[in-house]
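Next come the chains, spelled out residue by residue.
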Amino acid sequence: MGLYRIRLSTGASLHAGSKNQVQLWLVGQHGEAALGKRLWPARGKETEVKVEVPEYLGPLLFVKLRKRHLLQDDAWFCNWISVQGPGDGDEVRFPCYRWVEGDGVLSLPEGTGRTVGEDPQGLFQKHREEELEERRKLYRWGNWKDGLILNVAGTKLSDLPVDERFLEDKRVDFEASLAKGLADLAIKDSLNVLTRWKDLDDFKRIFWCGQSKLAERVRDSWKEDALFGYQFLNGANPMLLRRSAHLPARLVFPPGMEELQAQLEKELEGGTLFEADFSLLDGIKANVILCSQQYLAAPLVMLKLQPDGKLLPMVIQLQLPSAGSPPPPLFLPTDPPMVWLLAKCWVRSSDFQLHELQSHLLRGHLMAEVIAVATMRCLPSIHPIFKLIIPHLRYTLEINVRARTGLVSDMGVFDQVVSTGGGGHVELLRRAGGFLTYSSFCPPDDLADRGLLGVKSSFYAQDALRLWEIIFRYVEGIVSLHYKTDVAVKDDPELQTWCREITEIGLQGGQDRGFPVSLQSRDQVCHFVTMCIFTCTGQHSSVHLGQLDWYTWVPNAPCTMRLPPPTTKDATLETVMATLPNFHQASLQMSITWQLGRRQPIMVAVGQHEEEYFSGPEPKAVLKKFREELAALDKEIENRNAKLDMPYEYLRPSLVENSVAI
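Residues numbered from 1 in each chain as written. Predicted model: local features only at pLDDT ≥ 70, side-chain atom pairs only at ≥ 80, totals over all residues. Heavy atoms only, no water.

A few words on the packing of helix H6 (residues 337-378) against helix H14 (residues 493-506). Taken N-terminus to C-terminus, the directions of H6 and H14 make an angle of 140 degrees; their axes are 9 Å apart at the nearest point. The handedness of the crossing between H6 and H14 comes out as right-handed. Together, Val370, Ile371, Ala374, Thr375, Arg377 and Cys378 of H6 and Glu494, Thr497, Trp498, Glu501, Ile502 and Gly506 of H14 make up the contact between the two elements. Looking at side-chain class alone, the contact of H6 with H14 contains 6 nonpolar, 3 polar and 3 charged residues. (Axes fitted to C-alpha atoms, helices over the stretch in contact; angles between N-to-C directions. Helix = DSSP H or I, 4+ residues; strand = E, 2+ residues; numbered from the N terminus. Left-handed = near helix turned anticlockwise from the far one by under 90°. Contact = heavy atoms within 4.5 Å. Nonpolar A, V, L, I, M, F, W, Y, C, P; charged D, E, K, R; others polar.)

Each strand in a sheet pairs with its neighbour through backbone hydrogen bonds, running either in the same direction (parallel) or in the opposite one (antiparallel). Taken in spatial order, the 5 strands line up as E11-E12-E15-E16-E17 in an open sheet, and their pairing is antiparallel. Only two strands of the sheet have a single neighbouring strand rather than two, namely strand E11 (242-243) and strand E17 (330-331). Bridge count for strand E12 (residues 273-277) against strand E15 (residues 300-305) is 5 bridges, and the pairing is antiparallel. Among the inter-strand pairings, Asp277 is bridged to a residue of E15, identified as Leu300. (Pairing = 2+ DSSP bridges.)

Bringing the UniProt feature "domain: PLAT" (unreviewed entry) in the protein chain into the picture now. UniProt's entry tags residues 2-114 with the feature "domain: PLAT" (unreviewed entry), counted in the numbering of this structure. Helix makes up 0% of residues 2-114 and strand makes up 58%, while its end C-alpha atoms are separated by 28 Å. (UniProt positions renumbered as here; feature names shortened; annotations may be inferred.)

Here helix H1 (residues 125-138) contains 14 residues, and its C-alpha end-to-end distance of 20 Å stays within 8% of the 20 Å for a straight helix at 1.5 Å per residue. Listed as buried for H1 are His127, Arg128, Glu131, Leu132 and Arg135. Each buried residue of H1 lies within a common arc of 120 degrees when the element is viewed along its axis, so the set occupies one face. Of the exposed residues in H1, the ones pointing more than 90 degrees away from its buried face are Lys126 and Lys137. (Expected span 1.5 Å × (residues − 1). Buried < 20%, exposed > 50% of the residue type's maximum accessible area, 1.4 Å probe, protein only. Arc of directions from axis to C-beta.)

To continue, consider the nonpolar core. Counting residues in each nonpolar core, the largest one holds 168 residues, and the members touching the most others are Phe232, Ile385, Trp498, Met531 and Trp550. Among the elements that make up this core, the one with the highest residue count is H6 (23 residues). If we skip the residues at most four places from it in the chain, Met531 touches Met367, Tyr438, Phe441, Cys442, Trp468 and Phe515. Leu8, Val22, Leu24 and Val100 belong to the second largest nonpolar core, which has 26 residues in total. (Core = buried A, V, L, I, M, F, W, Y, C linked by side-chain atoms within 4.5 Å.)

Look at helix H15 (residues 522-544): 32 Å from first C-alpha to last across 23 residues, which is about the 33 Å you get at 1.5 Å a residue. Of all 23 residues in H15, 19 are buried; the element is thus mostly enclosed.

The next point concerns the environment of Ile385. Within the secondary structure layout, Ile385 lies in helix H7 (residues 384-389). For the pair Ile385 and His482, spaced 97 residues apart in the sequence, the C-alpha separation amounts to 9.5 Å. For Ile385, the contacting residues outside a window of four places in its chain are Leu379, Val479, Tyr483, Leu495, Trp498, Val525 and Val529.

Glancing now at the packing of aromatic side chains. The description of an aromatic ring pair rests on the distance of the ring centres and on the angle between the ring planes. For the coordinates displayed, the defined rule picks out 19 aromatic pairs. Consider the rings of Phe207 and Trp553, whose centres lie 5.8 Å apart with planes at 80 degrees: the pair is edge-to-face. Taken together, the residues span a long stretch of sequence, with Phe207 in the loop between helix H2 (168-192) and helix H3 (213-221) and Trp553 in the loop between helix H16 (547-551) and helix H17 (573-579) at a distance of 346 residues. By relative accessible area, which is 2% here, Trp553 ends up buried. Among the aromatic residues, ring-to-ring pairing joins Trp197, Phe203, Phe207, Trp553 and Phe583 into one connected group. Residue placement shows Lys170 over the ring face of Phe166; its charged tip is 5.4 Å from the ring centre. (Phe/Tyr/Trp six-rings, centres within 6.5 Å; stacked < 30°, edge-to-face > 60°. Lys NZ or Arg CZ within 6 Å of the ring centre and 35° of its normal.)

Attention now moves to the sheet that holds strand E5 (residues 60-68). In spatial order, the strands read E3-E2-E5-E8; together these 4 strands make up an open sheet with antiparallel pairing. Only two strands of the sheet have a single partner each, and these edge strands are strand E3 (32-39) and strand E8 (105-109). Averaged over neighbouring strand pairs, the angle between their axes works out to 20 degrees when direction is ignored. When strand E2 (residues 21-28) meets E5, the two strands line up antiparallel, connected through 8 bridges. What sits directly across from Val27, in E5, is Phe62.

Bringing the pairing of strand E1 (residues 2-10) into the picture now. For E1, the tally of buried residues reaches 7 of 9 residues, placing the bulk of the element in the interior. Bridging between E1 and strand E4 (residues 46-53) involves 8 bridges; their strand directions are antiparallel. For Ser9, the partnering residue across the bridge sits in E4 and is Glu46.

To continue, consider the environment of Ser409. With respect to the helices, strands and loops of the structure, Ser409 is situated in the loop between helix H8 (396-407) and helix H9 (413-417). Along the chain, Ser409 and Glu52 lie 357 residues apart, while their C-alpha atoms are 58 Å from each other. If near-sequence neighbours (up to four positions away) are discounted, Ser409 is found in contact with Ala403, Arg404 and Asp415.

Further remarks concern the side chain of Asn556. Looking at the secondary structure, you find Asn556 in the loop between H16 and H17. Side chain to side chain, Asn556 and Gln231 meet in a polar contact 3.0 Å long. (Polar contact = N/O pair within 3.5 Å; in protein donor to acceptor, adjacent residues only side chain to side chain.)

For the structure shown, the criterion picks out 41 salt bridges. A salt bridge links Glu612 to Lys620, with the nearest nitrogen and oxygen atoms 3.9 Å apart. On the basis of relative accessible area, Lys620 is assigned to the partly exposed category, the value being 44%. The salt bridge involving Glu628 is made with Lys624; its shortest N-O contact spans 2.7 Å. (Salt bridge = Lys/Arg side-chain N within 4 Å of Asp/Glu carboxyl O.)

Here we come to the pairing of strand E16 (residues 311-317). With 7 of 7 residues buried, E16 is to be regarded as a mostly interior element. With 6 bridges connecting them, E15 and E16 associate as antiparallel partners. Residue pairing for E16: Val301 is matched across the bridge by Ile316. Two elements, E16 and E17, share 2 bridges in a ladder whose sense is antiparallel. Paired with Gln317 across the two strands is Leu330, which belongs to E17.

With numbering aligned to this structure, UniProt lists the feature "binding site: Ca(2+)" (unreviewed entry) at Gly17, Asp74 and Ala75. With the annotated positions falling across 59 residues, the maximum pairwise C-alpha distance of 8.3 Å places them together in a single cluster. Here Asp74 lies in the loop between E5 and strand E6 (76-84). Non-local contacts of Asp74, meaning those with residues more than four positions away in its chain, are made with Gly17, Ser18, Lys19, Asn20 and Lys67. You can see Ala75 is positioned in the loop between E5 and E6. Looking at Ala75, the relative accessible area reads 16%, which means it is buried.

Here's what the structure looks like:
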């Protein structure tokens with residue numbers, strides 16, 4: 001009993017406010033009180049009211065709210081509600097961060113994270129069960145294509161739950177940038193439609209102003225072997241390179257190549273031989289674009305790491321050997337310049353395919369979607385792991401639906417201009433699913449497995465490891481607040497269901513690839529949750545941010561190839577130009593790369609989310625320390641980059657997005 005001070009916070013996005021009245025109830029451990037006053041929430045504002053409550057409520061558990069309307073339901077985006085009790089009582093926060101629609105009653109639990117074991121009286125048990133029951137109706141598993149990991153059910157944006165949709169500022173920016181990209185494409189097409197491209201410099205006609213300094217560097221230096229090798233370490237796709245443990249069996253040396261074999265074996269013995277193997281592309285059916293056959297290769301590149309840190313290619317094999325056929329040619333840096341350049345173009349085109357489909361779409365977007373759907377189905381909003389991970393799932397479902405209905409859909413961008421389009425991209429995703437191992441999502445394990453630990457010129461490896469460690473300490477800080485023993489972990493049914501849902505259902509038997517089906521200790525929880533957050537933040541950033549730098553100069557990353565891989569060493573400039581994308585294909589590649597790869601104006605950096613899902617000083621202190629460590633890493637990377645000829649920024653915390661949102 002006494003005077004209560006209630007505040008409502010409304011989101012700042014367009015249409016977040018509501019013309020409907022909002023009615024509130026306070027629910028305490030010993031009673032419930034309906035508040036007589038009704039409120040009109042205004043966009044971007046806090047609404048405050050003071051109410052005298054005659055009943056004794058005890059410690060507050062919930063705020064219940066109902067939005068009433070007469071003629072029109074006007075949705076309201078509620079950030080949070082706070083209540084301060086009589087006298088100098090503490091202010092209690094009830095996080096919401098969702099749309100309130102219709103006229104049903106919504107219950108918001110007090111913001112302290114609680115596992116089932118931390119609620120021995122069962123005060124929140126009914127709420128947990130009812131919330132998850134409703135969520136499982138909204139968030140259902142779907143299967144975009146047979147043989148792939150699962151996704152959220154629904155084929156169009158309107159099928160998504162309203163809380164997964166872009167807010168207005170994000171939607172307007174995304175759609176405006178798409179419109180600009182299409183307008184630029186139309187202009188470039190009209191300017192080049194009657195022009196025949198004869199020289200590599202002709203690609204500059206579509207390389208317009210507004211490109212990054214690194215993109216301009218790529219344009220000017222893309223033929224250099226050092227830049228070619230650098231991309232395997234720190235380019236758009238740093239996920240393929242590995243240190244060689246032996247010479248690959250597919251590498252067949254024709255007569256006269258004994259010296260090359262000896263050189264490779266010498267590098268192998270010295271631990272400086274690396275490889276990038278694109279065998280996953282072998283046998284994938286290439287696209288047919290406007291009745292014109294496109295082509296794919298499955299290259300192998302062997303590279304040597306020099307004492308100065310440069311990674312230089314030693315040999316390129318474009319196809320795997322086949323029984324009954326002569327061994328495929330081995331292309332060397334000593335070959336005629338156009339022959340060697342064409343071989344490197346084939347590698348870069350193959351890297352484009354694996355990067356966009358395996359590293360980016362599958363391992364970034366679709367993996368994050370599995371985590372998102374399982375989280376919404378299995379963890380109630382009061383669970384500490386839900387509160388910890390939910391900021392890193394923002395906008396993921398919508399951006400993925402947009403990808404499935406625009407980029408990789410029937411007659412989408414891949415079908416129009418990419419050599420794996422027309423069905424090959426789906427088969428490649430199926431194959432790549434077999435390589436979704438638990439260890440490959442955890443940089444300490446992945447980098448050790450690929451032999452990249454200690455490679456001083458692999459800035460990706462250094463920064464990924466540092467960011468993983470910072471996220472791990474953040475997760476560890478929250479986990480230690482709620483799980484005092486390993487037994488508490490084992491006895492948390494919601495946590496175990498969540499883990500099993502990700503592995504067995506979302507990943508379609510991920511236990512066969514090392515993913516856990518249960519979590520038996522606090523350390524296992526920390527490792528698994530860190531994997532989830534790192535995948536949605538740093539890992540996605542590392543394969544997303546580089547697109548604008550490395551893919552806008554089309555010859556460096558051709559989306560398609562229009563002639564078969566060479567089997568002889570007589571290539572000319574005419575051969576190279578006839579193989580690379582035509583002007584329309586190149587223009588569309590540039591337009592899409594700009595739209596998706598540009599720095600996003602509506603962007604939240606990792607750890608900088610404004611939403612406060614946790615109440616209490618302890619979790620806030622953990623988040624504060626997390627942000628301090630991120631800031632320190634950001635400064636370290638800035639200082640390091642100032643000394644580098646080519647700065648590496650794709651894992652710089654101020655540029656890493658907090659979720660897979662683009």
